[in-house]
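Summary of structural features
Now for the letters of each chain:
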Amino acid sequence: MGAIFKRDFRAFFTSMTGFVFLGVFLLIMNIFFSLGNIMDSRSSVAGVFSTMMFINLFTIPLLTMRSFAEDFKQKTDQLLFTAPIRPISVVLGKFLAAFAVYALALVAALLWVLIIAVYGAPNGAEVAGNYLAMLLVGGVYISIGVFISSLTENQLIAAVSSYGVFFLLYILDMLKNGFSSMPAWITSVLYFISITGRHDTITAGLIALDDIIFFLSAAALFLFFCHRILERKRRA
Amino acid sequence: MIEVTELTKRYGKQRGVTDISFTVGEGEIVGFLGPNGAGKTTAMNVITGYLAPTSGSVYVAGVNMLENPVSAKRNIGYLPEQPPLYHDMKVAEYLDFVYDLKGVTELPRRRHIDDVCEMADIQDVRHRLLRNLSKGYRQRVGLAQALLGDPCVLILDEPTSGLDPKQIMDMRKVIKDLGQSHTVMLSTHILQEVSAVCERVLVISEGKIVADGSPADLAGSMAGERKLVVRVAGPRDNVLSLLKSRDGVKKAEPIGEVEERSCDFLVESLPNMDVRKPLFSALAAAGWPILMLRPETVSLEDVFISLTEKKEVQ
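Residues numbered from 1 in each chain as written. Chains lettered and ligands numbered in written order. Predicted model: local features only at pLDDT ≥ 70, side-chain atom pairs only at ≥ 80, totals over all residues. Heavy atoms only, no water.

A few words on the overall build of chain B. In terms of regular secondary structure, chain B is built from eleven helices and 14 strands. Expected size for 314 residues packed as a compact globule is a radius of gyration near 20 Å; at 25 Å, chain B overshoots this value by more than 25%. Each of the three principal axes of chain B carries a C-alpha extent, and together these read 75 × 45 × 30 Å. Looking at chain B as a whole, 50% of its 314 residues qualify as buried. Partitioning the intrachain contacts of chain B with sequence separation of at least 6 by distance along the chain shows that 68% fall at a separation of at least 24. (Helix = DSSP H or I, 4+ residues; strand = E, 2+ residues; numbered from the N terminus. Rg over C-alpha atoms; globule rule 2.2 N^0.38 Å. Buried < 20%, exposed > 50% of the residue type's maximum accessible area, 1.4 Å probe, protein only. Contact = heavy atoms within 4.5 Å.)

Right, here's the structure in full:
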């Protein structure tokens, strides 16, 4: 797992994808930070962090599109799956590498907190809650992206499908309180799977165990699906 | 070292390989020979644990690949048909990565990687990007990768495909050297390769093993008795009856006239008889000079074609 993590993490920065991800992410986020916090002299990071929810939809597929697709295409999966390691280690190594780059972006975002701290007083609990929420949400998106990448050997298809799925989730999220005519059970399902809903609860300071378990198990579920796909490929 | 029992791998309804069984002993160099699409790669992918078989079992160095894949894989070095290289890495970085991936700890990193580079003869490209290497070097880096961790079994899928003649010679030499200390199984559709490198051949056709033996055995099994082509300057019928009257000659027949005032004969001798000297003396005594005498050998090509084409004839 360690070897794969190291290789994939480095590959993000030899192939430019890592720089593009960080560049796009930080550029857009800094625009929102400048507008929302500096121009408005606001010390709360909640606004800029909730924007990040939306930016993630565009940037995370950049991180995950290559994960397995590129290995299938270059046939390097033959090396990974004939090496004396278990397939789940391969999945975890790839997931963690993408997650680490994502976390790097969040570390860079600490600069905002620093700037706010110089000119005002950031709310420590609010910052911590937002960071926790973003890490959990990112984990879910990245695991979905890695899973989708294991379905194809074409990076572009992996990226576009990930956009599609992320947008679908986003739209379902918006639908949950859109129509009063909707049957109650659909609404409750939508509430249950609502990523933004659970994200907002955490950032509001209500760190409930069920939300954390939801995010962690959703991430685990898609990594498990990814593992199943690999096993099916082996038996195909 | 490798024990394959009743192995079948189906893709959907298509069969990759059907019910193949064989064993490869320690230190053997075995060639897996077959036309393209015969199932060589499929069989190798199953043996190395990349694909799961539909049925049957694979043991490598006594370890069951299905039940205990991690330790079974530790004994195998695999060079797939397309070397599994990350093109964005340098050779040294790549080998470092594979060293970690295979979890080699018992061999000191620097020394072991140096050794492997020397065996595959890639010391002078270690700081180059894999993307920029020629096909020959990529193949050799792929081989170096397979050698990392010092596995006792090497599985090489078409190790010389796409190389130029000089590189092919080099690669064959490397494989022969490796065969001294490893069990090697290589696939190829090139017959000379088998005679040049392998001690034993498994011929595979349409997913089945159709022959198993040494290259010489296979050629011999077809040749049966020795045959000679003799060109004699002399009257055809008289020469023919003289040839037939010699001891050890089982059969003789005229096969045409190539040079003027001469005739070619195909002479079949009894097993373990060398009729060349008696033929020479008799023909010389009769005053009919031999213009040409050559053994009619059956090449591996003939064997191969007859083995792999049987199906179509039926």
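For residues other than glycine, phi is negative in most cases, and the peptide bonds are mostly trans. Residues and elements named next belong to chain B. Located in the positive-phi region is Asp19, a residue other than glycine, with phi close to 50°. On the basis of relative accessibility, which here comes to 48%, the residue Asp19 falls in the partly exposed class. Phi at Arg261 takes a positive value of approximately 50°, unusual for a residue other than glycine. Looking at where Arg261 falls in the secondary structure, it is placed in the loop between β12 (249–256) and β13 (263–269). By relative accessible area, which is 71% here, Arg261 ends up exposed.

In this section: the interface of chain B and chain A. Across the boundary between the two partners, chain B contributes 29 residues, which contact 26 residues of chain A. At the boundary of chain B with chain A, total buried surface from both sides reaches about 2,600 Å², with 57% on carbon and sulfur atoms. Of all residues in chain B, Tyr50, Tyr86 and Leu101 of chain B bury the most surface against chain A, accounting for 28% of the area lost on that side. The interface formed by chain B and chain A includes four salt bridges. In this structure, Asp100 of chain B and Lys6 of chain A form a salt bridge, with 3.5 Å as the shortest nitrogen-oxygen distance. At the junction of chain B with chain A, the criterion picks out ten residue pairs in polar contact (both at pLDDT 80 or more). For the side of chain B that touches chain A, the secondary structure elements donating two or more residues are β1 (2–11), α2 (69–74) and α3 (91–101) of chain B. Broken down by element, the side of chain B that touches chain A gets its largest block of residues, six residues, from α3 of chain B. (Buried area = accessible area lost by both parts, 1.4 Å probe. Salt bridge = Lys/Arg side-chain N within 4 Å of Asp/Glu carboxyl O. Polar contact = N/O pair within 3.5 Å; in protein donor to acceptor, adjacent residues only side chain to side chain.)

This brings us to the pattern of salt bridges. Close approach of charged atoms allows side chains with opposite charge to pair. Residue and element names in this part refer to chain B. Overall, the coordinates contain 24 salt bridges over all chains when judged by the stated rule. Across the salt bridge formed by Asp96 and Arg109, the nearest N and O atoms sit 2.8 Å from each other. With Asp96 in helix α3 and Arg109 in helix α4 (residues 109–120), the pair connects residues that are 13 residues apart, well separated along the chain. Given a relative accessible area of 29%, Asp96 falls into the partly exposed group. The class for Arg109 is partly exposed, based on a relative accessible area of 31%. Its salt-bridge partner being Asp121, residue Arg140 comes within 3.4 Å of it at the nearest N-O pair. Taken together, the positions of Arg140 in helix α5 (residues 135–147) and Asp121 in the loop between α4 and α5 put the pair 19 residues apart, joining distant regions of the chain. Taking relative accessible area as the criterion, Asp121 reaches 41% and is therefore assigned partly exposed.

Attention now moves to the sheet that holds strand β3 (residues 29–33) of chain B. All names here are of chain B. With mixed pairing, the six strands of this open sheet are ordered in space as β6-β7-β8-β3-β9-β10. Each edge of the open sheet carries a strand with a single partner, namely β6 (76–79) and β10 (208–213). Looking at each pair of strands side by side, their axes are set apart by 15° on average, direction ignored. Against the sheet, helix α1 (residues 40–47) engages β3, β6, β7 (153–157), β8 (183–188) and β9 (200–205), with an angle of about 150° to β8. The strands that α5 touches are β6 and β7; relative to β6, the one it contacts most, it runs at about 165°. (Pairing = 2+ DSSP bridges. Axes fitted to C-alpha atoms, helices over the stretch in contact; angles between N-to-C directions.)

A word on helix α10 (residues 276–286) of chain B. All names here are of chain B. Burial in α10 covers these residues: Leu279, Ala282 and Leu283. For α10, the buried positions fall inside an angular range of 95° around the axis, keeping them on one side. Away from the buried face of α10 by more than 90 degrees, exposed residues Lys277, Phe280 and Ala285 are located. Where α10 is buried, its residues contact β11 (227–232), α9 (236–245), β12, β13 and β14 (290–295). Once α10 finishes, Gly287 follows within two positions and takes phi at roughly 80°, a positive value. (Arc of directions from axis to C-beta.)

With that settled, the discussion passes to the sheet that holds strand β4 (residues 55–60) of chain B. All names here are of chain B. Taking strand neighbours across the sheet as the criterion, the four strands line up as β2-β1-β4-β5 in an open arrangement whose pairing is antiparallel. The outermost strands of the open sheet, each flanked by one partner alone, are β2 (14–24) and β5 (63–64). The strands touched by α1 within the sheet are β1, β2 and β4, with β1 carrying the most contacts at an inclination of about 120°.

Attention shifts here to the packing of helix α1 (residues 2–14) of chain A against α3 of chain B. Closest axis-to-axis distance for the α1 of chain A/α3 of chain B pair is 8 Å, and the angle between their directions is 150°. Classified by the interaxial angle, the pair formed by α1 of chain A and α3 of chain B is roughly antiparallel. Across from Ala3, Ile4, Lys6, Arg7 and Arg10 of chain A in α1 of chain A, the residues of α3 of chain B making contact are Glu93, Phe97, Asp100 and Leu101 of chain B. Among the residues forming the contact of α1 of chain A with α3 of chain B, the class breakdown is four nonpolar, no polar and five charged. (Parallel < 35°, antiparallel > 145°, perpendicular 65-115°, else oblique. Nonpolar A, V, L, I, M, F, W, Y, C, P; charged D, E, K, R; others polar.)

Moving on: the packing of aromatic side chains. Applying the stated criterion to the full structure yields 22 aromatic pairs over all chains. Judged by centre distance (5.8 Å) and plane angle (75°), the rings of Phe58 of chain A and Phe167 of chain A are edge-to-face. Here the residue Phe58 of chain A occupies a position in helix α3 (residues 46–64), and Phe167 of chain A occupies one in helix α9 (residues 155–175), the gap between them amounting to 109 residues. For Phe58 of chain A, a relative accessible area of 36% translates into the label partly exposed. Seen in terms of ring centroids, Tyr86 of chain B and Phe97 of chain B are 5.7 Å apart; in terms of plane orientation they differ by 75°. Their pairing is edge-to-face. Of the two residues, Tyr86 of chain B is situated in the loop between β6 and α3 and Phe97 of chain B in helix α3; the sequence distance between them amounts to eleven residues. Taken individually, Tyr86 of chain B and Phe97 of chain B each receive the classification buried, so the pair is uniform in this respect. Through a chain of ring-to-ring contacts, three or more aromatic side chains come together here, namely Phe5, Phe9, Phe13 and Phe19 of chain A. Lying over the aromatic face of Tyr86 of chain B, Arg7 of chain A brings its terminal NZ or CZ to 3.6 Å of the ring centre. Over the aromatic face of Tyr137 of chain B sits the side chain of Arg140 of chain B, whose NZ or CZ is 4.5 Å from the ring centroid. (Phe/Tyr/Trp six-rings, centres within 6.5 Å; stacked < 30°, edge-to-face > 60°. Lys NZ or Arg CZ within 6 Å of the ring centre and 35° of its normal.)

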